[in-house]
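Spelled out, the chains give:
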Amino acid sequence: MRTKARGAETKIYKNMAEFISARILSARKEKGLSQSQLAKAAKLSVSFMCEIEHGKVLPSLIVYSELCRLLEIEPVIPFFTEQQ
């Protein structure tokens, strides 16, 4: 059971990271900002910004909120459920 739960947690994490990365990337491009411009405004490294946009890391709620504020988008976080 523990392995199955961990697999579900990993899938949820991956889905959230992909959702957030697509949202941030799309909004950044709509604003006409480069990764480095957004990273600088958010006080993040460009490499961390790149990892966020590629869905490799899930930013903290504080970082996500700041990015949303800078991009003037709502900080929506969906809850993903796995069908049994």
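Heads up: the structure comes first, above all this text.
Presented here is an overview of the structure given in this document. Since the model is a prediction, treat every value here as computed from it, not as a measurement. (Residues numbered from 1 in each chain as written. Predicted model: local features only at pLDDT ≥ 70, side-chain atom pairs only at ≥ 80, totals over all residues. Heavy atoms only, no water.)

A separate point is the pattern of salt bridges. What the rule picks out here adds up to 3 salt bridges. Among the ionic pairs, R28 bridges to E53, the shortest N-O distance being 2.5 Å. Remark: E53 occurs in helix α3 (residues 46–53) and R28 occurs in helix α1 (residues 2–31); sequence separation between them is 25 residues. Between E72 and K31 there is a salt bridge; the shortest N-O distance is 2.4 Å. Here the residue E72 occupies a position in the segment after α4 (61–71), and K31 occupies one in helix α1, the gap between them amounting to 41 residues. Looking at K31, the relative accessible area reads 39%, which means it is partly exposed. (Salt bridge = Lys/Arg side-chain N within 4 Å of Asp/Glu carboxyl O. Helix = DSSP H or I, 4+ residues; strand = E, 2+ residues; numbered from the N terminus. Buried < 20%, exposed > 50% of the residue type's maximum accessible area, 1.4 Å probe, protein only.)

Moving on, we come to the environment of V76. Within the element layout of this structure, V76 appears in the segment after α4. For V76, a relative accessible area of 40% translates into the label partly exposed. Considering only alpha carbons, one finds V76 and F19, 57 residues apart in sequence, at a separation of 9.6 Å. What V76 contacts, discounting residues up to four positions off in sequence, is F19, R23 and Y64. (Contact = heavy atoms within 4.5 Å.)

Below, the discussion takes up the packing of helix α2 (residues 35–42) against α4. Direction vectors running N to C along α2 and α4 enclose 115°, while the axes themselves pass 10 Å from each other. The crossing of α2 and α4 is right-handed. On α4, the residues that touch L38, A41 and A42 of α2 are E66, L67, L70 and L71. A breakdown of the residues in the contact of α2 with α4 according to their chemical character gives 6 nonpolar, no polar and 1 charged. (Axes fitted to C-alpha atoms, helices over the stretch in contact; angles between N-to-C directions. Left-handed = near helix turned anticlockwise from the far one by under 90°. Nonpolar A, V, L, I, M, F, W, Y, C, P; charged D, E, K, R; others polar.)

With that settled, consider unusual backbone geometry. One non-glycine residue, K43, adopts positive backbone phi at about 60°. With respect to the helices and strands, the residue K43 is situated in the loop between α2 and α3. Residue class for K43 comes out exposed when judged on its relative accessible area of 77%. Although it is not a glycine, E72 adopts a positive phi angle of roughly 55°. When its relative accessible area of 62% is taken as the criterion, E72 is described as exposed.

To continue, consider the packing of α2 against α3. One can describe the packing of α2 onto α3 by two numbers: an axis separation of 9 Å at closest approach and a directional angle of 110°. Put simply, α2 runs roughly perpendicular to α3. The interaxial crossing formed by α2 with α3 has right-handed handedness. Between α2, through Q35, S36, L38 and A39, and α3, the contact on the second element is made entirely by V46, M49, C50 and E53. (Parallel < 35°, antiparallel > 145°, perpendicular 65-115°, else oblique.)

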